[in-house]
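Summary of the model geometry
Given next are the chains, with one letter for each unit.
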Amino acid sequence: MATSLKNKDIINTKELSVEEINLIMETAAKYERIMDEGGRLLNMAGKVLCTFFYEPSTRTRLSFETAMLRLGGQVVSVAAATTSSSAKKGETVFDTGKMVQAYSDIAVIRHPVVGSAQELADGSDVPVINGGDGAGQHPTQSLLDMYTILKEKGKIEGLTIALAGDLRNGRTVHSLSLLLSRFGVKFYFVSPKALAMPSEITDELRANDVDITETEDMLDAVPNCDVLYMTRIQGERFDDPAEYEKYCNAYIVTMNTVQAAKEGMIVMHPLPRVNEIAVDVDMYGGAAYFRQAANGVPVRMALLTLVTGQE
Ligand code: NCD
């Protein structure tokens, strides 16, 4: 049977098969090619996307909305949903799901609570995409990260990938490590001990024989890795501001860092960056983070069409 993602909710990268992931990559590449050639796509004409964002976002919301518009579809959007939607009046995310299905063909949600995207999906018959659930997962970011690595390095298998920064609270590294682990990579997990990758994830990766080196020193990883994936210390997830202050300067990539790198190493970051990457590193050819953000559009176009059966 041909692989199909029709009606699938995209909540967690663990729930995607290798065939489904490959289909998303191929569909994104196809759309990118068509757009590069100046072509127009109308796959989502007559369809409405609802975006519900209970946490701040620049790239995820705008690139999903751009993706929908570039496919000829339309968008209804609630930014700042905590204060501007009926959540403020006490409505549950499950009940919001009932509304999403009444008003739109597909929804994207970002919410501070782990599991909330699944709750919206439980309440809704239309496909729901997780745009980030607290410190849980951010699957569409990981898919665009994988797409970026494929474009920049030409392959995934055999690469050594360093994930650095706040691995405890960063949802992007949770979903990305689980996604890439299926494609034959080795990992360095670089973090202060207190911000290490959660053991549910390391246990699962090790059970699947994934090669992981955990270290506090970024320079252990830099000479050996093909991809250095930096993350922001997630200030909003710390109860104690002093604790955040302790870690907020833990890792800073400078030109000295990239000079110590393995030849061809790329630097990625889901953005926003605070101080993890010095601005002069932007001139380094392997600084891939702005290209990475741009890749969000074709990858999210692929997701929108595949889960609505409009590809
Ligand atoms: C990330 C997020 O929201 O998890 N941002 C994004 O979607 N590109 C990373 C972050 O906020 O640190």
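Up top is the structure these notes are about.
Just so it is clear, the model here is predicted, and its values are computed rather than measured. (Residues numbered from 1 in each chain as written. Predicted model: local features only at pLDDT ≥ 70, side-chain atom pairs only at ≥ 80, totals over all residues. Heavy atoms only, no water.)

Let us now look at the site of the ligand. T60, R110, H138, Q141, R171, T172, R232, Q234, P270, L271 and P272 make up every residue found near the ligand. For the ligand, an oxygen atom lies 3.0 Å from a polar atom in the side chain of R110. One of the side-chain N or O atoms of R171 is found 2.7 Å from an oxygen atom in the ligand. Alone, the ligand offers 310 Å² of accessible surface; in the complex the protein occludes 94% of this. The pocket occupied by the ligand, as judged from atoms lying within 2 Å of grid points, is the largest pocket. Looking at the shell around the ligand, its residues break down into 3 nonpolar, 5 polar and 3 charged. (Near = heavy atom within 4 Å. Polar contact = N/O pair within 3.5 Å; in protein donor to acceptor, adjacent residues only side chain to side chain. Areas by Shrake-Rupley, 256 points an atom, 1.4 Å probe, with all protein chains shown as cover. 1 Å grid on protein atoms, 1.4 Å probe; cavity = no way out; pocket = protein on both sides within 12 Å on 5 of 7 lines; lining within 4 Å. Sits in = over half its atoms within 2 Å of the grid points. Nonpolar A, V, L, I, M, F, W, Y, C, P; charged D, E, K, R; others polar.)

Next up on the list: the sheet that holds strand β2 (residues 74-78). Read across the open sheet, the 4 strands follow the order β2-β1-β3-β4; overall the sheet is parallel. At either margin of the open sheet sits one strand with a lone partner, and together these are β2 and β4 (128-133). The mean angle between the axes of side-by-side strands here comes to 15°, regardless of whether they run parallel or antiparallel. Each of β1 (48-53), β3 (106-111) and β4 touches helix α13 (residues 296-308); the most contacted strand, β3, lies at about 125° to it. (Pairing = 2+ DSSP bridges. Helix = DSSP H or I, 4+ residues; strand = E, 2+ residues; numbered from the N terminus. Axes fitted to C-alpha atoms, helices over the stretch in contact; angles between N-to-C directions. Contact = heavy atoms within 4.5 Å.)

Right, let's talk about empty space enclosed by the protein for a bit. Scanning all chains against the criterion turns up 2 cavities of 30 Å³ or more. Space inside the largest cavity adds up to approximately 60 Å³. What lines the largest cavity is R59, S63, Q141, L144, H269, P270, Y289, Q292, A293 and R300. Those elements that provide at least two residues to the lining of the largest cavity are α2 (59-70), α6 (139-153) and α12 (289-294). Sorting elements by how many residues they give to the lining of the largest cavity places α12 first, with 3 residues. The computed volume of the second largest cavity comes to approximately 40 Å³. In terms of lining residues, the second largest cavity is bounded by G165, T231, I233, Y247, C248, N249, A250, Y251, N275 and E276. (Points joined across faces, edges and corners; volume = space filled by probe spheres on them.)

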